[in-house]
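Structural features, examined
The chain contents come next:
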Amino acid sequence: MIVCLCHVVSDRTIRARISEGARSVEAIGEACGAGTGCGGCQEQLADLIKECRQGANGRSACRDSCAVPALQLASPAL
């Protein structure tokens, strides 16, 4: 789902930035631009941060279940 309409940033992208260490609305803005346009999505960004911090057994819910995994690129065969 698109959260930031100004910069067309999805919830999956935002969750990935949170799992990579973004811990504030400002940090998310620096990481992917979300929340830096009109500001209308900043409350939803704050909610996503809270949601990701409330994982089971103290683990990050985003890191374990919803963040976009990093792609592993294979080395070209020689």
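Everything below is about the structure shown above.
Cut-offs and rules
- Residues numbered from 1 in each chain as written.
- Predicted model: local features only at pLDDT ≥ 70, side-chain atom pairs only at ≥ 80, totals over all residues.
- Heavy atoms only, no water.
- Buried < 20%, exposed > 50% of the residue type's maximum accessible area, 1.4 Å probe, protein only.
- Helix = DSSP H or I, 4+ residues; strand = E, 2+ residues; numbered from the N terminus.
- Arc of directions from axis to C-beta.
- Contact = heavy atoms within 4.5 Å.
- Core = buried A, V, L, I, M, F, W, Y, C linked by side-chain atoms within 4.5 Å.

Turning our eyes to something else, we now look at helix H2 (residues 25–32). Among the residues making up H2, those that are buried are Val-25, Ile-28 and Gly-29. Down the axis of H2, the buried side of the element spans an arc of 100°, and every buried residue falls inside it. Exposed side chains of H2 directed beyond 90 degrees from the buried face belong to Glu-26 and Glu-30. Check the buried side of H2 and you find it contacts helix H1 (11–19) and helix H3 (42–53). Just downstream of H2, Gly-33 is the residue with a positive phi angle, here 90°.

Now for the nonpolar core. If you look at the biggest cluster of nonpolar residues, it comprises 14 residues, and the most contacted ones within it are Val-3, Ile-14, Ile-18, Ile-28, Ala-34 and Leu-45. Those elements that place two or more of their residues in this core are strand S1 (2–4), H1, H2 and H3. If you tally residues by element for this core, the top one is H3, at four residues. With residues near it in sequence (within four places) discarded, Ile-28 still touches Ile-14, Ile-18, Ala-22, Gly-33, Ala-34, Leu-45 and Ile-49.

Moving on, we come to the environment of Leu-45. Its place among the elements puts Leu-45 in helix H3. Owing to a relative accessible area of 0%, Leu-45 belongs among the buried residues under this scheme. Spatially, the C-alpha atom of Leu-45 lies 7.9 Å from that of Val-3, the residues being 42 residues apart in sequence. With residues up to four places along the chain from it excluded, the contact list for Leu-45 reads Val-3, Ile-14, Val-25, Ile-28, Ala-34 and Gly-35.

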